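Observations on chain architecture
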Amino acid sequence: MPNSPTIVGDNTVLWGTSGVYAGTGIVVSGSKALSADKIEVADEDGFTVAVIYFNHKRQCEFEMIVKTAAPALDIGDFILLCGVADCLVENVTEVWTQKDTRRLRVTAIKYQAIDEPA
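Below you will find a few notes about this structure. (Residues numbered from 1 in each chain as written. Predicted model: local features only at pLDDT ≥ 70, side-chain atom pairs only at ≥ 80, totals over all residues. Heavy atoms only, no water.)

Some points on unusual backbone geometry
Even without being glycine, asparagine 55 reaches a positive phi, approximately 55 degrees. Mapped onto the elements of the fold, asparagine 55 is located in strand β3 (residues 48-67). Under the relative-accessibility criterion, asparagine 55 is labelled partly exposed at 36%. Look at lysine 99: it is not a glycine, yet its phi comes out positive at around 55 degrees. Within the element layout of this structure, lysine 99 appears in the loop between β5 (84-98) and β6 (101-111). Exposure remark for lysine 99: the relative accessible area of 80% places this residue in the exposed category. (Helix = DSSP H or I, 4+ residues; strand = E, 2+ residues; numbered from the N terminus. Buried < 20%, exposed > 50% of the residue type's maximum accessible area, 1.4 Å probe, protein only.)

Here it is, written out as structure tokens:
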């Protein structure tokens, strides 16, 4: 029996930088979370009577295996991630590299009030 991975289902992703490069990679894991900054407003006795949520954002993270020829992502690049458009790349970690493939961990945030410039 050959020692090779078994891939079930569609676990590929379109990979590119503003249409300059397109290829595929294997998505190993991914997540997204909705969050916001908040201010708690207290009354004169110190009890919270109101909460103000602002600066809503969606944080996305994923790991994927790509060819080493795929372009590197830079901090501040806009990407489409986990179905969320206009995510700003916050962090890229190269988990490992082996021959012509590498595993990347990418964290990006979509701020509600920021869209990719035209």
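Considerations on the pairing of β6
Most of β6 is tucked away: eight of the 11 residues are buried. Pairing of β3 with β6, which is carried by 11 bridges, proceeds in the antiparallel orientation. What sits directly across from cysteine 60, in β6, is alanine 108. Examined bridge by bridge, β5 and β6 share nine bridges and lie antiparallel to one another. Looking across to β6, one finds that valine 92 is bridged to valine 106. (Pairing = 2+ DSSP bridges.)

Topic: the pattern of salt bridges
All chains considered together, the criterion is met by seven salt bridges. Its salt-bridge partner being lysine 57, residue aspartate 37 comes within 3.2 Å of it at the nearest N-O pair. A residue pair is termed long-range when its members are at least 10 positions apart, and aspartate 37 in strand β2 (residues 23-42) and lysine 57 in strand β3 qualify at 20 residues. Using a relative accessible area of 16% as the deciding quantity, one classes lysine 57 as buried. The partner of glutamate 63 in a salt bridge is arginine 103, with the nearest N and O atoms 2.6 Å apart. With glutamate 63 in strand β3 and arginine 103 in strand β6, this residue pair connects regions lying 40 residues apart in the sequence. Among the residues examined, glutamate 63 registers a relative accessible area of 10% and is labelled buried. (Salt bridge = Lys/Arg side-chain N within 4 Å of Asp/Glu carboxyl O.)

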